[in-house]
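Structural overview for review
In case you want the letters, here they are:
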Amino acid sequence: MKRFLMMMVVLGLALAGPGLAQGAAASGLPREGEMRKLTLSADRKPAATPEFRDEKDQPITLAAFRGRVVLLNLWATWCVPCREEMPALDRLQALRGGPDFQVVAVAQDRAGREKVARFLAETGATRIVPYLDASMKSGRAWGAIGLPTTILIDREGREIGRLVGIADWASPDALTLIDAVIAEKP
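Here is a short report on the structure shown in this document. From a predicted model like this one, the values you see are computed outputs, not experimental measurements.

**Observations concerning the state of the cysteines**
- Overall, the coordinates contain 1 disulfide when judged by the stated rule.
- The residue that forms a disulfide with C79 is C82, at a sulfur-sulfur distance of 2.3 Å. Its S-S torsion of approximately 75 degrees makes the covalent link between C79 and C82 right-handed. The two residues C79 and C82 agree in class, both being buried.

Structure, rendered in structure tokens:
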């Protein structure tokens, strides 16, 4: 039993990522409420730049957003929590979207572009660009272990942290966090 418990602790630390405690302490970013679920990176390493498709079905990568803070959200049309979360992502884009910030919601979905567009319309997400990766290779490249997964990326394309599961990204706590990252100087 003792050995089993030790293995579970080691597994939990491995899944949490290297340097979790140091990353949380060193960042100085405000994380209150639900934002405490955001697992901070110990050191900001460049985020992977796999290809996905824009609304015109053209290839794009995160490099296209360099210079902006990005909230990368991986979701799917069949994901019930994603349906609940999408309106908050849309409100966040309405409140903070612009030259300094962008919500990049990439559907990890083989259902196709029409189904993605219908999902966004049904959830009232009018400000979210319908990015798509039908191959779902981008989710694997970004290390997503479930949907939704949301990754906060700084202006230089480095991962700040990630949250697996649903969150209210338009809450005052989320806005405070996003504002703090936008205010960082490169």
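**Details of the nonpolar core**
- Residues W75, M86, L152 and W169 are the most contacted members of the largest nonpolar core, which totals 34 residues.
- Secondary-structure elements contributing two or more residues to this core are β4 (69-75), α3 (80-96), β5 (101-107), α4 (113-122), β8 (159-164) and α6 (172-183).
- With 6 residues, α6 is the largest single contributor of residues to this core.
- Beyond its immediate stretch of four places on either side in the chain, W169 contacts M35, L38, L71, E85, A88, L89, L92, T150, L163, A174 and L175.
- Grouped together as the second largest cluster of nonpolar side chains are 15 residues, F52, I60, W142 and I151 included.

**Quick word on unusual backbone geometry**
- For the bond running from L147 to P148, omega is -5 degrees, close enough to zero to count as cis.
- Positionally, P148 belongs in the loop between α5 (137-141) and β7 (149-153).
- Backbone geometry at D57 places phi at a positive 65 degrees, although glycine is not the residue there.
- For M136, which is not glycine, the phi dihedral falls at a positive 65 degrees.

Rules of the game
- Residues numbered from 1 in each chain as written.
- Predicted model: local features only at pLDDT ≥ 70, side-chain atom pairs only at ≥ 80, totals over all residues.
- Heavy atoms only, no water.
- Disulfide = S-S within 2.5 Å.
- Buried < 20%, exposed > 50% of the residue type's maximum accessible area, 1.4 Å probe, protein only.
- Core = buried A, V, L, I, M, F, W, Y, C linked by side-chain atoms within 4.5 Å.
- Helix = DSSP H or I, 4+ residues; strand = E, 2+ residues; numbered from the N terminus.
- Contact = heavy atoms within 4.5 Å.

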